[in-house]
Amino acid sequence: MTEHSDTGFSTRAIHAGQEPDPQTGAVVPAIYQVSTYKQDGVGGLRGGYEYSRSANPTRTALEECLAALEGGARGFAFASGLAGQDTVIRSLLTPGDHVVVPSDAYGGTYRLFNKVARPWGVEHTITSIHDVEAVRAAIRPGQTRIVWVETPTNPLLGIADIAALAEVAHEAGALLAVDNTFATPYLQQPLSLGADIVMHSTTKYCGGHSDVVGGAVVVAESVSVPGFEDAADRIAFHQNSMGAVAGPFDAWLVLRGLKTLAVRMDRHCDNAEKVVAFLQGRDDVTAVHYPGLEGHPGHAVAAKQMRRFGGMVSFQVTGGEQRAVDVCGATSVWTLGESLGGVESLIEHPGRMTHASVAGTELEVPADLIRLSVGIEDVDDLIADLAAALDKTA
Ligand SMILES: *Cc1c(COP(=O)(O)O)cnc(C)c1O
């Protein structure tokens, strides 16, 4: 078990991997901005540190903290979310293997499977992962090695039943890998529901301040799918061999962000719930997508596997694509921009921005959709600004 495994979430976020420095008593891990380490005689490594691609103390602190927060055996920190996902794909798959990919996967993940992994020989089938039977049908017995899940999904906030999909994947001899970026380990812990691997874009909520790009992979205590028992060792080997590691300062920023993850997520959720209630009261809003709503198709599953429902909301407006684009350009407290999960509220038009790369594919999103990353500002200001933008563009 990882360090502090018997303590609460925020205690782990603040202390796991981060004992005060034995020499100085500094309560925060140092930024070890260093590439190499003095050896005490050839091969006499202090603490195992040899070269910072292989290991760096600031990165180690983050990796231990991530593993403790997700309840896994080992954590790995990468230069970006996609670098972590690429490392998972190339560590665990070989040409000829097959993956089941969600129909509303993050656009960059889909591009990685479609434009990078596929030419390399890894095939995929796109399916609605909200439908357990559809996933079962998409699996190719003996060939499918990973069932890839994102929940909630981006940008439509679809929900996948992690426990049910873990069973389906394992029956077929495949791993269940979950992108937990939207939920964060505070709201949802996929490994405790049977998943084998959890991934994050730490750029988003884990970092939480829109000041760093990073990724994380955490592997479960025990992976029992035949052929994958050594999954953590394979990822460790590839992390070093391919080298897409988080730098010391980036690792430090994510570690700093994690300390306040729980309090930030609670405020993101409080504010999102109020913004959702406001949107539901508008005649010019035709649909609101939020898993906390009882009418949301994934509500029951979300209520079972999530602590709360998160800070991401999307909605559709009357007036079609042009109105949606106009609303995105008419706010002042909400910043028009890509990405999500920071303390500041963001608004964007997925069809033309984050999801432009999936236009014309099975992953295309509605043209009148607006996505919100609800920040932790005063919610009355957020609602007044949205109301003004909707009124101005009516
Ligand atoms: C942003 C994001 C990624 C990609 O992470 P990067 O840090 O941008 O490489 C993957 N999955 C989800 C759900 C994301 O939101």
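Here the residue numbers are simple positions, counted from 1 along each chain's written sequence. Only residues with pLDDT of 70 or above have their local features reported here, since the model is predicted, and side-chain atom pairs are shown and tallied only from 80 upward, although totals for entire chains, interfaces and linings are computed over all residues. By convention in this description, side-chain values take in all heavy atoms of the structure and omit both hydrogens and water.

1. Brief notes about the UniProt feature "modified residue: N6-(pyridoxal phosphate)lysine" (unreviewed entry) in the protein chain
- UniProt's feature table lists "modified residue: N6-(pyridoxal phosphate)lysine" (unreviewed entry) at K204, given in the numbering used throughout.
- We count a stretch as a helix when DSSP gives it H or I for four or more residues in a row; a strand needs E for two or more, and each element gets its number in order from the N terminus. The residue K204 is located in the loop between β6 (197-201) and β7 (215-219) in this model.
- Throughout, exposure labels follow a simple rule: accessible area from a 1.4 Å probe, protein chains only, divided by the maximum for the residue type, with under 20% read as buried, over 50% as exposed, and the rest as partly exposed. Take K204: its relative accessible area is 10%, and that puts it in the buried class.
- Whether two residues are in contact is decided by their heavy atoms, any of which lying within 4.5 Å being enough. Among residues more than four places away in sequence, those in contact with K204 are Y106, T181, S339, L340 and G341. UniProt positions are given in the numbering used here, feature names are shortened, and annotations may be inferred rather than shown by experiment.

2. Here's the deal with the sheet that holds strand β2 (residues 98-102)
- Pairing between strands is defined by DSSP: at least two bridges between the two strands are required. An order of β1-β7-β6-β5-β4-β2-β3 is seen for the seven strands of this open sheet, with the pairing classed as mixed. Each edge of the open sheet carries a strand with a single partner, namely β1 (74-78) and β3 (123-127). Neighbour to neighbour, the strand axes of the sheet diverge by 20° on average, direction disregarded.
- Every angle, taken between N-to-C directions, lies between 0 and 180 degrees, and every axis is a line fitted to C-alpha atoms, over only the stretch in contact when it is a helix. Of the strands in this sheet, β2, β3 and β4 (144-150) are in contact with helix α4 (residues 107-120), which crosses β3 at around 150°.
- Where helix α6 (residues 162-171) meets the sheet, it contacts β4 and β5 (175-179), and its direction lies at approximately 145° from that of β5.

3. With respect to the nonpolar core
- Counting residues in each nonpolar core, the largest one holds 115 residues, and the members touching the most others are L176, L279 and L372.
- If you tally residues by element for this core, the top one is helix α10 (residues 261-280), at nine residues.
- Residue ranges labeled as domains rest on an automatic or database domain assignment. Each of domain 1 (9-259) and domain 2 (262-392) accounts for three or more of the residues forming this core.
- L279 has contacts with V285, V288, V313, F315, L372, L386 and L390, leaving out every residue within four places of it along the chain. Nonpolar cores are built from buried Ala, Val, Leu, Ile, Met, Phe, Trp, Tyr and Cys residues. Side-chain atoms within 4.5 Å join them into one set.

4. Some thoughts on the domain arrangement of the protein chain
- Taken domain by domain, the protein chain consists of domain 1 (9-259) and domain 2 (262-392).
- Put simply, the middle of domain 1 and the middle of domain 2, counted by C-alpha atoms, are 26 Å apart.
- The term buried area refers to how much accessible surface (probe radius 1.4 Å) is lost by two components on association, counted for both of them together. Summing the contributions of domain 1 and of domain 2, the shared interface buries around 3200 Å²; its carbon and sulfur component is 61%.
- It is Y186, L187 and Y205 that lose the most area in domain 1 upon contact with domain 2, and together they represent 25% of the buried surface on that side.
- Here, a salt bridge means any Lys or Arg side-chain nitrogen found within 4 Å of an Asp or Glu carboxyl oxygen. The interface formed by domain 1 and domain 2 contains one salt bridge.
- A total of three residues in the side of domain 1 that touches domain 2 trace back to one element, the largest contributor, which is helix α7 (residues 184-187).
- Any residue outside Ala, Val, Leu, Ile, Met, Phe, Trp, Tyr, Cys, Pro, Asp, Glu, Lys and Arg is labelled polar, Gly included; the first ten of those are nonpolar and the last four are charged. Residues that form the side of domain 1 that touches domain 2 fall into these classes: 20 nonpolar, 14 polar and three charged.

5. Comments concerning the sheet that holds strand β9 (residues 312-317)
- One open sheet accounts for five strands, arranged β8-β9-β12-β11-β10; its pairing is mixed. The open sheet has two edge strands with one neighbour each: β8 (285-289) and β10 (335-336).
- Taken together, the three bridges between strand β11 (residues 346-348) and strand β12 (residues 369-373) define a ladder with antiparallel strand orientation. Of the residues in β12, the one forming a bridge with I347 is L372.

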